[in-house]
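Analysis of the macromolecular model
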Amino acid sequence: MRAMAPRSFARSGSWAELGGREGSGDSGSSSPRTPSKSPARLARATEDRSTWATCAMCLALVAIAVLGAATALMSAEPRRYVVILDGGSQGTRAHVYAMRVAPGPRPRHTEELGVMRVKPGLSSSASDPEGAGESLRPLYEFARSLVPDAYVARTPIVLMATAGLRSVPDRGARDAILRSCRASLARSPFLFRDAWAEVIAGSKEGLYAWVAANYAADSLFARDPRHTLGVLELGGASMQVTFKVPEDAPEKVPDEFTEHIHVPTVKPHPSDLAGAGAGATPSPSRTRDAEPGVTEITVYTHSALGLGQEAAFEAHERALRAELTSLGTAVETTQLYDPCVPVGYVSKGSDASRIRPGGNFTACVDRARALLGLRDPCPHERCGVKGSYLPPAIRGEMLATENFFYTARFLGLPERATIAQMAGAGERVCGAEWRSLVAAHLGANRAARGEGEDETFEEDESSLARYCFSSSLIVAALSHGLKLPPQAKIRFSNSVGGKAVDWAMGAAIAFTAAAVEREEEWLLGSGNRWMGT
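Before going into details, it helps to say that this report is about the structure given with it. Per chain, the residues get numbers from 1 upward, laid out in the order the sequence is written. The predicted origin of the model limits local features to residues at a pLDDT of at least 70 and limits the giving and counting of side-chain atom pairs to 80 or more, whereas totals for whole chains, interfaces and linings rest on all residues. Heavy atoms throughout the structure, all of them, feed into the side-chain values; hydrogens and water do not.

Where helices and strands are cited, they refer to DSSP runs of H or I of at least four residues and of E of at least two residues respectively, numbered from the N terminus. By the secondary structure assignment, Val115 is in strand β3 (residues 106-118). Type-normalised accessible area, obtained with a 1.4 Å probe on protein chains alone, sets the label of each residue: buried when under 20%, exposed when over 50%, and partly exposed for intermediate values. Exposure remark for Val115: the relative accessible area of 39% places this residue in the partly exposed category. Between the C-alpha atoms of Val115 and Phe142, which are 27 residues apart in sequence, the distance is 8.7 Å. Residue contacts follow a heavy-atom distance rule, with two residues in contact if any of their heavy atoms lie within 4.5 Å. Those residues in contact with Val115, other than ones at most four positions away along the chain, are Arg93, Ala94, His95 and Phe142.

Further remarks concern the state of the cysteines. Sulfur atoms of two cysteines make up a disulfide when they are within 2.5 Å. For the structure on display, the rule yields three disulfides. Between the sulfur of Cys340 and that of Cys364 lies a disulfide, 2.1 Å long from S to S. Classification of the bridge connecting Cys340 and Cys364 rests on its S-S torsion, roughly 115°, and on that basis the disulfide is right-handed. Of this pair, Cys340 sits in the loop between β11 (336-338) and β12 (355-357) while Cys364 sits in helix α10 (residues 361-370), and the two are 24 residues apart along the sequence. Disulfide pairing places Cys378 opposite Cys383 at an S-S distance of 1.9 Å. As the torsion about the S-S bond is roughly -90°, the Cys378-Cys383 disulfide counts as left-handed. The partly exposed category is assigned to Cys378, whose relative accessible area is 26%. Residue classification places Cys383 among the partly exposed residues on the basis of a relative accessible area of 21%.

Aromatic pairs are defined between Phe, Tyr and Trp rings, using the six-membered ring for Trp, whenever the two ring centres lie within 6.5 Å; interplanar angles under 30 degrees are classed as stacked, those over 60 as edge-to-face, and all others as tilted. Scanning the entire structure with this criterion turns up 12 aromatic pairs. Centroid distance Tyr81 to Tyr151: 5.1 Å. Interplanar angle 65°. Geometry classified as edge-to-face. One end of the pair, Tyr81, is in strand β1 (residues 79-87); the other, Tyr151, is in helix α4 (residues 149-152), with 70 residues separating them in the sequence. When the centroid spacing of 5.8 Å and the interplanar angle of 25° are considered together, the rings of Phe511 and Trp522 count as stacked. Remark: Trp522 occurs in helix α18 (residues 521-524) and Phe511 occurs in helix α17 (residues 503-518); sequence separation between them is 11 residues. Considered together, Phe511 and Trp522 belong to a single accessibility category, that of buried residues. An aromatic cluster of three or more residues is present, and its members are Phe243, Phe257, Tyr300 and Tyr389.

Following both chains from N to C, one finds helix α9 (residues 309-326) and helix α16 (residues 467-481) inclined at 105°, their axes separated by 11 Å at the closest point. Here α16 runs roughly perpendicular to α9, going by the angle between their axes. Across the interface between the two elements, Gln309, Ala312, Phe313 and His316 from α9 touch Phe469, Ser470 and Leu473 from α16. Considering only residue class, the contact of α9 with α16 consists of four nonpolar, three polar and no charged. Angles here are taken between N-to-C directions and fall from 0 to 180 degrees, while the axes themselves are lines fitted to C-alpha atoms, restricted in helices to the stretch in contact. For this classification, under 35 degrees means roughly parallel, over 145 means roughly antiparallel, 65 to 115 means roughly perpendicular, and everything else is oblique. Under this grouping Gly is polar, as are all residues other than the nonpolar Ala, Val, Leu, Ile, Met, Phe, Trp, Tyr, Cys and Pro and the charged Asp, Glu, Lys and Arg.

A word on the pairing of strand β10 (residues 294-305). Along β10, nine of the 12 residues are buried, which leaves the element largely enclosed by surrounding structure. Note on pairing: two strands pair once DSSP finds at least 2 bridges between them. Pairing of strand β7 (residues 238-243) with β10 involves six bridges; the strand directions are antiparallel. When the sheet's bridge partners are listed, Met239 is paired in β10 with Ala304.

A few words now on the pattern of salt bridges. The salt bridge definition used is simple: a Lys or Arg side-chain nitrogen within 4 Å of an Asp or Glu carboxyl oxygen. Here the structure, examined in full by the defined rule, presents 17 salt bridges. With a closest N to O distance of 3.7 Å, Glu205 and Arg166 form a salt bridge. With Glu205 in helix α7 (residues 202-216) and Arg166 in helix α5 (residues 163-166), the pair connects residues that are 39 residues apart, well separated along the chain. Across the pair, exposure class does not vary: Glu205 and Arg166 are buried alike.

A few words now on the side chain of Thr418. Position of Thr418 among the secondary structure elements: in strand β14 (residues 416-418). Here Thr418 falls in the buried class, since its relative accessible area comes to 8%. When neighbours within four sequence positions are excluded, Thr418 is seen to be in contact with Pro486, Gln487, Ala488 and Lys489.

If you trace the backbone, Lys244 turns up in the loop between β7 and β8 (258-264). For the pair Lys244 and Tyr300, spaced 56 residues apart in sequence, the C-alpha separation works out to 6.0 Å. In this view, Lys244 contacts Trp210, Ala222, Arg223, Pro225, Thr228, Thr298 and Val299; residues no more than four positions away in its chain are not counted. In protein, a polar contact means a hydrogen-donor-capable atom and an acceptor-capable atom, both N or O and within 3.5 Å, with residues adjacent in sequence counting only if both atoms are side-chain atoms; elsewhere, any N or O pair within 3.5 Å suffices. Within the structure, the side chain of Lys244 is placed 2.9 Å from the backbone oxygen of Ala222, a separation counted as a polar contact.

On to the environment of Ile261. Positionally, Ile261 belongs in strand β8. Since its relative accessible area comes to 7%, Ile261 is described here as buried. Counting along the chain gives 35 residues from Ile261 to Glu296, while the straight-line C-alpha distance between them is 5.6 Å. Filtering out sequence-adjacent residues up to four positions away, Ile261 remains in contact with Leu207, Val211, Thr295, Glu296, Ile297 and Ala510.

Two elements in contact, helix α11 (residues 403-410) and α16, have axes separated by 10 Å at closest approach and are oriented at 120°. As the angle between them shows, α11 and α16 are arranged oblique. The way α11 lies across α16 gives a crossing that is left-handed. Between α11, through Asn403, Phe404, Tyr406, Thr407 and Phe410, and α16, the contact on the second element is made entirely by Tyr467, Ser470, Ser471, Ile474 and Leu478. Should the near helix be turned anticlockwise from the far one by less than a right angle, the crossing is left-handed, and should it be turned clockwise, the crossing is right-handed.

On to helix α3 (residues 137-144), then. Along α3, the positions that sit buried rather than exposed are Leu139, Tyr140, Phe142 and Ala143. Taken end-on, α3 shows its buried residues confined to a sector of 150°, consistent with a single buried face. What the arc measures is the spread of directions leading from the helix axis to the C-beta atoms.

Attention now moves to unusual backbone geometry. Of note, the amide linkage connecting Lys119 to Pro120 takes the cis form, showing an omega dihedral of -5°. Relative to the helices and strands, Pro120 is located in the loop between β3 and α2 (129-135). Even without being glycine, Asp218 reaches a positive phi, approximately 60°. Secondary-structure assignment places Asp218 in the loop between α7 and β6 (229-234). A positive phi angle, near 60°, is found at Lys483, a position not held by glycine. Along the chain, Lys483 turns up in the loop between α16 and β15 (489-492). We classify Lys483 as partly exposed; its relative accessible area is 38%.

In C-alpha cells form, the structure reads like this:
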C-alpha cells in the first residue's frame, strides 16, 4: 500500500502564548496591544525571535530527517514478484508485478512492470491442446526479462483462464488444454504448482477487478460502500458487475452472489476514522477482522457468461438469422433490417443480401435488451440479467472498464458521463452514414485521434461497424440490467489515480494475501523466516 504522507506541523501557539497578549477585556478591543518599545524589551524580543528561529530550524531538520528515514525504510523494504497470466477469450496476457512487502510480511505497494499479449485465446486450442502450452512460452520469456535473476526461481507464475475457456463445452478438451499449460509452465524458470493453473469463476474475476480498483483508489478497507468504487467489466465473452453492499443492508445477499477475500490490513481508509478522533482505529466488529491484521472483505458480484461484447454480438447475429429462417426461403426477396449496423456498410456474410443495415439506435437497444435474459425465471424479489439477484441499491461511484471504456472513448465521451450521454452518442454513431465513419476513424485519421497505438482500435471495418451495437448493449445493460436512471453518472476508465486497473492486479494482491495467511516460503524466504532481500 502507498505510504502515508507526514502530517504538517500545527501552528505553535497564539500571540499570547508566544509572549504577546490577546486583547484584554478592559481595552474594548479584540486586537493585540502594541508591545512597549523600551531598549531592554527590544533586546529581549530580539533574543526571543532568535530562539524561536533556532527552534523552528531544528524542527525543520527533524522533519526532514524523519521523512528521509521513512523514505529510506520504504526503499529498503524487500520486493517480491508475481506473474499473472490472464487467459482471456481473445488472447492471453502476461502481467508482471513487483510488490514491496513490510515485515510481517504484508503487501504495501504493487507496481506493474510490464504486460505482453499473445493471440488467439486458449480456447482456440480445443482441437490442438498441445498448442495451448506452447503459446505460453513467449509470455514467460517476456516475464523472465523483467524479474531480477536472484528472484526468478522463487517468483510464482499463475495462470487464470476466464470466460473464453469457461465457454468451451467439451470438458475433456478444457482439461487437456490445462494439462498442456501446466506442463509448459513447469518447464519455465519460475516457481509453479499445478494448482496455480485453473479456470476461474466469473465471480472471482469480478472480485479481483474490485480489489484492483479500490487498491488503486486507496479505498480497499473503507467500510462505507459510498467511499468505494463499484466495477463494471465488459469483456469479450462475459460481463461482470461487482460492488460493496452496506453491512446493515435490509436484505441479505444470497451466498451465490457474494465473494470474500482476506487482505492483510495496512491502514484504514480516512473515511473510517471520520469523527473518531486522531489516532482512532476502526472497530473490529465493523471491519470484520478475520484475525489480527487481516480484514475480510465481502462484495456482491455477478458474471453473465455470453454477455461479453463479442459473445453478445454473435448472439444478436444468430437471432437475426433465426428470424430470417422462420420467414422461409421461398421468397428470396424477403429482407430483414439489422438496426445495429450503420447504413451503407456492406457485410461479407452469406446472408448479406437478405440482412440489410438499418442504423437505428433505439431498435438496436431493444435487440440488445432481448439478449439480457430479463424474462428468465428468477426466484428473487429484485432481478437483474439472466435471472440473477440484484441488490436494491448501488452505492458509490461505478467504474466501467474494458469494452465499456473503449466504447466510451471511441464515442468521444468524457471520463465521467451519464447513461443519457452514452445514448446520445450511440444514436449519432448508429445513424451515421458508413462512408463518413470510415473517413473519420480508419486510415490516417486514426493516428490523429490517438488510436494508432492502441490494440483495441484495430484498423478493421467489421470492428468499426460494431460500435453501434456495443453502445446499444451498454445502454441496455445499465438501464435495464442494472436499472440505473438515465442521469446516473458512470466513470468510464481503465485507470484510477494514474494506475492501470486490471483484474490481474487484484488477482496478484489476492494471491499474495493468501500466501501471507499460509506463510508461503516464496514470500517469507528460505527457512520459513522473514528475509529482507
